[in-house]
Amino acid sequence: MTKIIAHRGSKGTHPENTLIAFREAIECGADGIELDVQFTKDGELVVIHDNQVDRTTNGTGEIISFTLRELKMLDAGSWFSPEFKDERIPTFSEVLEVLFQDNFKGLLNIELKTDEKDYPGIEEAVSDLLHKRNWPFTYMYSSFNFDSVERMHQLEPTIPLAYIMGDQPRKIRKAEKISYLEGLHPKVTWVLKEQDNVKKSSKKLRPWTVNSEDDLAVCFELGIEAVHTDYPRRALALRAKNKQ
Ligand code: G3P
Ligand code: MG
């Protein structure tokens, strides 16, 4: 059965990468949760997608130019809807605490957002934090930046790793040959176009971002390992309906 991974929490219904979005993902019963990690100016791990705060807060500027204290003053919910005005950019540690408290038992996909910004030491910081406790969930690492994927492989050879990519067939063929990659996370357009190669793949495929009923139905039909979706509640309902 194809797993449903809540992309940035429940990005379609709640402000992405906020605690309320992760709580919604847990509450609706998503099999997995995806989030993006970056560094602040003072070396704290925060969960946010863009390298700038502009799109998802009331501030402007690069994440790396803010201390955690400064980032915490920003409103990370109103841009989505006024009812979320109290949401803040969470630290990675705060998200882990919510998953722990709410007894999340699924898969946490931690994306190292190092594709456009270099964050030296971020792989070590993420790994150190995860080693502090026994978590009720399982976790994996992913990145668009192959250097980060390799670094994680050196640090944590037993933790599942995935390379994220677009829909370039050549890149995907190359990644298929890397034995230590447990998964490939291609753009869903590749899955839709290359269904024969999807069937032949030796990797766990978890495409992004699979939102429409038609795209979800194709992924379910192909028996894809998992989908990243902005609407986990809707995708779970559709999966349940398809099984009847
Ligand atoms: O891991 C899937 C997806 O999160 C990759 O794209 O840009 O949403 O981080 P993005
Ligand atoms: Mg991501």
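Definitions and cut-offs
- Residues numbered from 1 in each chain as written.
- Chains lettered and ligands numbered in written order.
- Predicted model: local features only at pLDDT ≥ 70, side-chain atom pairs only at ≥ 80, totals over all residues.
- Helix = DSSP H or I, 4+ residues; strand = E, 2+ residues; numbered from the N terminus.
- Rg over C-alpha atoms; globule rule 2.2 N^0.38 Å.
- Buried ≥ 20, exposed ≤ 12 C-beta atoms within 10 Å, placed from the backbone.
- Contact = placed C-beta atoms within 7 Å.
- UniProt positions renumbered as here; feature names shortened; annotations may be inferred.
- Pairing = 2+ DSSP bridges.
- Core = buried A, V, L, I, M, F, W, Y, C linked by C-beta atoms within 7 Å.

In this section: the overall build of the chain. Each helix and strand in the chain was counted, giving 10 helices and 9 strands. Against the compact-globule benchmark of 18 Å for 244 residues, the chain has a radius of gyration of 17 Å, which places it among compact chains. In terms of its C-alpha atoms, the chain occupies a principal-axis envelope of roughly 50 × 40 × 35 Å. Taking all 244 residues of the chain together, 42% fall into the buried category. At a minimum sequence separation of 6, the contacts of the chain that also span at least 24 residues come to 52%.

This brings us to the UniProt feature "domain: GP-PDE" (unreviewed entry) in the chain. The UniProt feature table records "domain: GP-PDE" (unreviewed entry) at residues 2–239. Taken end to end, residues 2–239 is 34% helix and 17% strand, and its first and last C-alpha atoms sit 8 Å apart.

Another point: the pairing of strand β2 (residues 32–39). In terms of burial, β2 is largely enclosed, as 8 of its 8 residues are buried. Neither face of β2 is left uncovered, since the one carrying G32, E34, D36 and Q38 and the one carrying I33, L35, V37 and F39 both have all their residues buried. As paired strands, strand β1 (residues 3–7) and β2 are joined by 3 bridges and run parallel to one another. Bridging across to β2, I5 finds its partner in G32.

Within the secondary structure, P157 is located in the loop between α5 (146–155) and β6 (161–164). Expressed as a C-alpha distance, the spacing of P157 and Y180, which sit 23 residues apart in the sequence, is 8.2 Å.

In terms of backbone geometry, most residues other than glycine have negative phi values and most peptide bonds are trans. With an omega of -20°, the peptide bond running from W208 to T209 counts as cis. Residue position: T209 is located in the loop between β8 (204–205) and α9 (213–222). The phi dihedral of R8 is positive, around 55°, even though this residue is not glycine. Position of R8 among the secondary structure elements: in the loop between β1 and α1 (19–28). The phi dihedral of N103 is positive, around 55°, even though this residue is not glycine.

Attention now moves to the nonpolar core. I33, V37, V46, V47, F92, V95 and V227 are the most contacted members of the largest nonpolar core, which has 61 residues in total. Sorting elements by how many residues they give to this core places α1 first, with 6 residues. Those residues in contact with V46, other than ones at most four positions away along the chain, are Q38, T40, I63, L68, L71, I89, T91 and F92.

Positionally, S148 belongs in helix α5. Residue classification places S148 among the buried residues on the basis of 24 C-beta atoms within 10 Å. With sequence-adjacent residues up to four places away left out, S148 is seen in contact with L112, T114, E123 and S143.

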